[in-house]
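Descriptive analysis of the structure
Take a look at the letters that make up each chain.
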Amino acid sequence: MKLKLPQDHFLSTVRVGDKGQIVIPKEVRDLFEIEPGDSLLLMADKKKGIAIVGFDGMVDFMDESIRQARKAQQEQGAGEP
């Protein structure tokens, strides 16, 4: 049974090889314009799972992380007597 997904979505299973490697399906590489030699960020959370983000996503992720850390510091500083 083939699932009908929106054009910008993809669903597939991948197999983990003997060396712990997975192959990103061609359709996904094409969708995200992933080329050989590209750097990807792998993020893992035991409860939420694994996410793989391209370089542009990595920059956005780091910017958001810094913004959240600064906000937390400001809120922590504002709460001190």
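The rules behind each value
Residues numbered from 1 in each chain as written. Predicted model: local features only at pLDDT ≥ 70, side-chain atom pairs only at ≥ 80, totals over all residues. Heavy atoms only, no water. Helix = DSSP H or I, 4+ residues; strand = E, 2+ residues; numbered from the N terminus. Rg over C-alpha atoms; globule rule 2.2 N^0.38 Å. Buried < 20%, exposed > 50% of the residue type's maximum accessible area, 1.4 Å probe, protein only. pLDDT = per-residue confidence, 0-100. Patch = residues over 30% accessible without salt bridge, like charges linked within 9 Å, V, L, I, M, F, W, Y side chains within 5 Å. Areas by Shrake-Rupley, 256 points an atom, 1.4 Å probe, with all protein chains shown as cover. Salt bridge = Lys/Arg side-chain N within 4 Å of Asp/Glu carboxyl O. Pairing = 2+ DSSP bridges.

**Describing the overall build of the protein chain**
Along its length, the protein chain carries two helices and two strands. Taken over C-alpha atoms, the radius of gyration comes to 18 Å for the protein chain, far larger than the 12 Å a tight globule of 81 residues would show. Its C-alpha atoms give the protein chain principal-axis dimensions of roughly 60 × 30 × 25 Å. Expressed as a percentage of the 81 residues in the protein chain, the buried residues total 4%.

**Regarding the confidence of the model for the protein chain**
On average, residues of the protein chain score 85 in pLDDT, and 91% of them reach the 70 mark or higher. The least confident element of the protein chain is helix α2 (residues 55-79), whose mean pLDDT is 83; the most confident is helix α1 (residues 26-31), at 90.

**Some details on a nonpolar patch on the surface**
Side chains of Val-14, Val-16, Ile-22, Leu-40, Leu-42, Ile-50 and Ile-52 sit close together on the surface and give an oily, nonpolar patch of about 650 Å² of accessible area. Secondary structure elements with two or more residues in the nonpolar patch: β1 (40-45) and β2 (49-54). Looking at the secondary structure, you find Leu-40 in strand β1.

**A few points about the pattern of salt bridges**
By the definition in use, this model includes two salt bridges. Where Glu-64 meets Arg-67, a salt bridge forms, and the shortest distance between an N and an O atom there is 2.8 Å. Of the two residues, Glu-64 and Arg-67 are both situated in helix α2; the distance of three residues between them amounts to about one turn of the helix. Among the residues examined, Arg-67 registers a relative accessible area of 44% and is labelled partly exposed.

**Some remarks on unusual backbone geometry**
Phi is positive for Glu-33, close to 55 degrees, though the residue is something other than glycine. Mapped onto the fold, Glu-33 is located in the loop between α1 and β1.

**A word on the pairing of β1**
The pairing of β1 with β2 spans six bridges and is antiparallel. Paired with Asp-45 across the bridge in β2 is Gly-49. Hairpin connection, β1 to β2: the antiparallel pair is bridged by three residues.

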